[in-house]
Amino acid sequence: MSNSEKLIGAFSNALGIQREKVNEQLSYQSVKQWDSIAHMVLVAEIEDSFNIRIEDKDIMEMDTFLNTRQLLEKYDIQFD
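All values reported here derive from a predicted model rather than from experimental measurement. (Residues numbered from 1 in each chain as written. Predicted model: local features only at pLDDT ≥ 70, side-chain atom pairs only at ≥ 80, totals over all residues. Heavy atoms only, no water.)

S.K.: Even after reading the chapter, I still don't get the nonpolar core, so can you show me in this structure?
M.R.: A general feature of soluble globular proteins is that nonpolar side chains tend to end up buried together. Among the nonpolar cores identified, the biggest contains 24 residues, and Leu7, Phe11, Leu26, Ile46, Phe50, Ile54 and Leu72 are the most heavily contacted of them. Broken down by secondary-structure element, the contributors of at least two residues to this core are helix 1 (3-15), helix 2 (36-50) and helix 4 (65-72). With near-sequence residues (within four places) excluded, isoleucine 46 lies in contact with Leu7, Ala10, Phe11, Asn51, Ile52, Ile54, Met62, Thr68 and Leu72. (Core = buried A, V, L, I, M, F, W, Y, C linked by side-chain atoms within 4.5 Å. Buried < 20%, exposed > 50% of the residue type's maximum accessible area, 1.4 Å probe, protein only. Helix = DSSP H or I, 4+ residues; strand = E, 2+ residues; numbered from the N terminus. Contact = heavy atoms within 4.5 Å.)

Now the structure itself:
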């Protein structure tokens, strides 16, 4: 499974939305499921999927799918 697929899966699982709805335009509160509680679930899903620990200061920057993907590159996660 590619890192892109892992990230899409993490968003899908954490937010309870179909994988097809996860795209670069997905943003915090753009879907009703992505609230503050789901955001913390998303962080946990991503940490588990990539076996990393996201720094607290970075969690607030994860406000869109695209920003999250770019942020993960800081943790040496490469995307195709």
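Next comes the rest of the account.
S.K.: I tried to follow the environment of alanine 44 on my own but got confused; where do I start?
M.R.: Among the secondary structure elements, alanine 44 is positioned in helix 2. On a C-alpha basis, the gap between alanine 44 and tryptophan 34 in space is 14 Å, while along the polypeptide they are 10 residues apart.

S.K.: Would you take a moment to explain the packing of aromatic side chains for this structure?
M.R.: Counted under the stated rule, the structure contains 4 aromatic pairs. Between phenylalanine 50 and phenylalanine 79, the ring centres sit 6.3 Å apart and the planes meet at 70 degrees, which makes this aromatic pair edge-to-face. On the criterion of sequence distance, the pair formed by phenylalanine 50 in helix 2 and phenylalanine 79 in the segment after helix 4 is long-range, its members being 29 residues apart. Put simply, the rings of Phe11, Tyr28, Trp34 and Phe65 touch in pairs and so form one group of aromatic residues. (Phe/Tyr/Trp six-rings, centres within 6.5 Å; stacked < 30°, edge-to-face > 60°.)

S.K.: Is there a simple way to think about the side chain of histidine 39 in this case?
M.R.: Mapped onto the fold, histidine 39 is located in helix 2. Residue histidine 39 is classed as buried on the basis of its relative accessible area of 8%. Beyond its immediate chain neighbours, meaning those up to four positions away, histidine 39 contacts Tyr28, Trp34, Ile59 and Met62.

S.K.: Looking at this model, I keep getting lost on unusual backbone geometry. Mind explaining?
M.R.: Trans is the common state for peptide bonds, and a negative phi is the common state for residues other than glycine. The backbone of asparagine 51 sits at a positive phi, close to 55 degrees, despite the residue not being glycine. Positive phi is not limited to glycine here, since aspartate 76 has a value of about 65 degrees. Tracing the backbone shows aspartate 76 in the segment after helix 4. Judged by its relative accessible area of 66%, aspartate 76 falls in the exposed class.

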